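One letter stands for each residue in the lines below.
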Amino acid sequence: MKMRMHLIALTVFVGILGSCTKESAEPLNIVESQNVTEVEQELLNTVNDHRISLGGNGLKFNSIAYGQANAHTDYMIAKGSINHDNFTARASDISTEVGAVFVAENVAKEYSTASEAFRGWLNSAKHKRTMEGEFTHTAVSVKKDPDGKLYFTQIFYR
């Protein structure tokens, strides 16, 4: 599997960002009735199970981060690409609302399942470091674009 990834460091907030895309010559086999809420919950559970298996803490879901993740996923779908545009604003909003001192995010697209997105992030040192980082809260947003391709945003903070 060939992947494109990048890391962006911010100076306003100490943060880790990563993005991941699955590039494939074959179209994805996504069931139209797939419930993205179930994919979100599966990815959240998978990340927490991984963290706990390493002796770390499970992350608590946060609705403020979820709102920010949802808005960013919508934005990426509108742009047609994964990105970290406006991360500083998202991090600032989360910090203001909940007192977060460190915010990070991973984004991905075109994975057909939560397991595939998790494995893509796990196979990238930068994404893995984010998932395993010293965070206390998270939220995962997964949405389909008009072509049925999934976009993922996971925000982490402490």
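Quick note: structure is the one above.
Residues numbered from 1 in each chain as written. Predicted model: local features only at pLDDT ≥ 70, side-chain atom pairs only at ≥ 80, totals over all residues. Heavy atoms only, no water.

1. Focus: the environment of Val-39
The line we're drawing: Each helix is a run of H or I in the DSSP string that is no shorter than four residues. Each strand is a run of E no shorter than two, and both are numbered from the N terminus. Relative accessibility under 20% of the residue-type maximum defines a buried residue, over 50% an exposed one, and the middle range a partly exposed one, all with a 1.4 Å probe and only protein chains included.
With respect to the secondary-structure elements, Val-39 resides in helix α1 (residues 36-53). Judged by relative accessible area, which is 4%, Val-39 ranks as buried. Val-39 sits 103 residues away from Val-142 along the chain, and the two C-alpha atoms are 6.9 Å apart.

2. A word on the pairing of strand β5 (residues 137-144)
We count it as follows: Should DSSP find at least two bridges between two strands, the strands are regarded as paired.
Extensive coverage of β5 is indicated by the burial of six of its eight residues. Sheet analysis places strand β3 (residues 60-61) next to β5, joined by two bridges and oriented parallel. Across the sheet, residue Phe-61 finds its bridge partner in β5, namely Thr-138. Relative to strand β6 (residues 150-157), β5 runs antiparallel, the two being bridged by eight bridges. By the bridge assignment, Lys-144 is partnered in β6 with Leu-150. Taking the residues that link successive antiparallel strands as the turn, the β5-β6 hairpin has five residues, and the phi of Gly-148 there is positive, at about 85 degrees.

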